[in-house]
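# Breakdown of the fold
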Amino acid sequence: MAWSCDDTRRALRHSTEFPVESLEHLATCNICQEMTELAADVSPSVSSSVDAEMIKTRARLDEERGFVAWLRSRSSRVRSIGAGVFALTPVILQLIFARRSDFSSYPVTWFIAFALAYFALVVWAGFVALSPLYRPISLRQFLTTTLLSLILPWVIVSFEPVPDNHQTNVELNLGILHSAWLCLRYGLALALPAVVALWWFDRSEVKPLRFGLLVGAWGGIVGNFVLLFHCPNEAQLHQWLGHATIGIVYVLVIGFVIIKGRKSR
Amino acid sequence: LRDNLQAVLSDEQLMTAYQAGDKAAFDEIFRRYAQLLTRLLRRFTLTQDEISDLVQQTFLQLHRARMDFLPSSELRPWLLTIAFNLARDKLRSDRRKPESPIDSTLEATLPGAADGFRRYEMRRDLGLALAELPTEQQEVVRLHYEEELTFEEIGERIGVNAGAIRVRAHRGYANLRKWFTNKDEFREESADRRAR
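The rules behind these values
Position labels on residues start from 1 in each chain and follow its written sequence. Numbering of ligands from 1 and lettering of chains from A proceed in the order in which they are written. Local features in a predicted model are, by the rule used here, given only for residues with pLDDT of at least 70; side-chain atom pairs are given and counted only at 80 or more, and totals for whole chains, interfaces and linings are based on all residues. Note: side-chain values were computed over all heavy atoms of the structure, leaving out hydrogens and water. Residue types Ala, Val, Leu, Ile, Met, Phe, Trp, Tyr and Cys, when buried and joined through side-chain atoms within 4.5 Å, form a set referred to as a nonpolar core. Note on exposure labels: buried denotes an accessible area under 20% of the residue type's maximum, exposed denotes more than 50%, and partly exposed covers the range between, all computed with a 1.4 Å probe on protein chains only. Contact between two residues is taken to exist if any of their heavy atoms lie within 4.5 Å; hydrogens are not considered. Secondary structure is summarised from DSSP: a helix means a run of H or I of at least four residues, a strand means a run of E of at least two, and numbering begins at the N terminus for each. In protein, a polar contact means a hydrogen-donor-capable atom and an acceptor-capable atom, both N or O and within 3.5 Å, with residues adjacent in sequence counting only if both atoms are side-chain atoms; elsewhere, any N or O pair within 3.5 Å suffices. Two parts placed together each lose some accessible area under a 1.4 Å probe, and adding up what both lose gives the buried area. What makes a salt bridge here is a side-chain nitrogen of Lys or Arg within 4 Å of a carboxyl oxygen of Asp or Glu, nothing more. Each pair of aromatic rings taken from Phe, Tyr and Trp, with Trp reduced to its six-membered ring, is defined by centres within 6.5 Å and is described as stacked if the planes are under 30 degrees apart, edge-to-face if over 60, and tilted in the remaining cases. The criterion is that NZ of a Lys, or CZ of an Arg, lies within 6 Å of the ring centre and within 35 degrees of the ring normal, and then a charge sits over that ring.

### Things to note about the nonpolar core
Ranked by internal contacts, the top residues of the largest apolar core, which has 72 residues, are Phe-59, Trp-78 and Tyr-173 of chain B. Apart from residues lying up to four places away in sequence, Tyr-173 of chain B is in contact with Ile-31, Glu-34, Met-35 and Leu-38 of chain A together with Val-141, His-144 and Tyr-145 of chain B. Counting residues in each nonpolar core, the second largest holds 45 residues, with Ala-83, Phe-114, Leu-121 and Val-128 of chain A among its members.

### Some details on the environment of Trp-154 of chain A
Residues and elements named next belong to chain A. Looking at the secondary structure, you find Trp-154 in helix α8 (residues 139-159). Residues Trp-154 and His-243, spaced 89 residues apart in sequence, show a C-alpha to C-alpha distance of 8.4 Å. When residues no more than four places from it in sequence are discounted, the contact partners of Trp-154 are Trp-240, Ala-244, Thr-245 and Ile-248. Separated by 3.4 Å, the side chain of Trp-154 and the backbone oxygen of Ala-244 make a polar contact.

### Notes on the interface of chain B and chain A
How big an interface is tends to be expressed through the accessible area that disappears when the partners come together. Of the residues lining the interface, 73 residues belong to chain B; the matching set on chain A comes to 62 residues. Taken over both partners, the interface formed by chain B and chain A buries close to 6800 Å², and the fraction arising from carbon and sulfur atoms is 58%. Of all residues in chain B, Arg-43, Arg-64 and Arg-88 of chain B bury the most surface against chain A, accounting for 11% of the area lost on that side. Inspection of the region where chain B meets chain A yields ten salt bridges. Here Arg-64 of chain B and Glu-64 of chain A are joined by a salt bridge, their closest N and O atoms 2.7 Å apart.

### Side note on the packing of aromatic side chains
What the rule picks out here adds up to 22 aromatic pairs over all chains. Taking the centre distance of 6.4 Å and the plane angle of 75° together, the rings of Tyr-145 of chain B and Tyr-173 of chain B count as edge-to-face. In this pair, Tyr-145 of chain B is assigned in helix α7 (residues 135-146) and Tyr-173 of chain B in helix α9 (residues 162-181), connecting sequence segments 28 residues apart. As far as burial versus exposure is concerned, Tyr-145 of chain B and Tyr-173 of chain B are alike and both buried. Every member of this aromatic cluster is reached through a ring pair, and the members are Phe-103, Tyr-106, Phe-111, Tyr-118, Phe-225 and Phe-229 of chain A. Its guanidinium or amino end placed over the ring of Trp-199 of chain A, Lys-207 of chain A lies 5.4 Å from that ring's centre, counting from NZ or CZ. Lying across the ring of Phe-142 of chain A, Arg-210 of chain A places its NZ or CZ 5.0 Å from the centre.

Spelled out as structure tokens, the structure:
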């Protein structure tokens, strides 16, 4: 059950510790913030030395140097726009300079619909991933966005209409696995700058797993967006293996990196 | 002189100065809030080292997000929200559950558990503080905190909708806090309110 103001009051009155479930509510409820602050304000002062703590904090601030530190201390608006630029640049370059061979016969309305869906999710998921700590996004919103970003490519490649002069693995003289591998590699490579940018723009000291999953899913959306304008191979299995799996690969790799990093601490 | 000047600036003015690169402003913000954050974080299942680390991280995040801060907004809730979110991430990653009661709540140890006299004094102070609140806030805080009614129940009892009760509760708790931390400011504001 969700934490409420009554639970906060109960915890304060009955001297119990606040569980982790309370923090989402405390971060957004001004009444509970006042109640807990009041209790903290009038409780006995702590023995730790403010000056000693300040020296430690200053030391950490002194480490905030270099390009990545500069990137993450930009305003949230600049960070979001920056991440969007990294995500959309390969898509636009693909559309202008290396359009798929069956582009002219592809149903325009479907193209627009798919492109808009990918675009909307790139913007929204980027916004959610980079939401600053003082403006928290609920865990539910985070997970819904991640799930949607992972599922959308599967939905699109499963229901994509087939243009008149589409190509198949046979016509391309490639085995299904080989052709899928080429697209997977291409999508992963072109989404990589966007994934790295999002990772760098984030301000967390220790990346939470949920952030890693969203970044991975976001990489999948960017990769599929690029492939929408790149790959004329409409074979269903090719699209599932070579396109829709980009997000899953990123999620697995980034999840592994985060968990391994956590264990090594 | 510089330190004295920093001390009279508001939190928001200090933050604006820090945005412009004044490091002394950061130190003053730290002095004002480090202890409060430490006391707030003691309410969670965290060790002293973890609390210390979270306080440092909170200020690190304040530094990283400094360009987001708008002079028209308030620094205090901004900083607390950052601290609560960092604590949430920390506790989630550790998957810890609350274990034991703590001894620093408003009712039990505001006054200091080991010190009966201080406890009595604090209870008395709380009574005095409540008595100085505007009547409508006093009533809501008493019903909410002491009688443990929900906002809906209070609304039904005094014939006001729950939204308005929440507003009164918020103002009431904020005023109580002001009474304990800065009585002069609290009384000046009360006098202004009455004059209006």
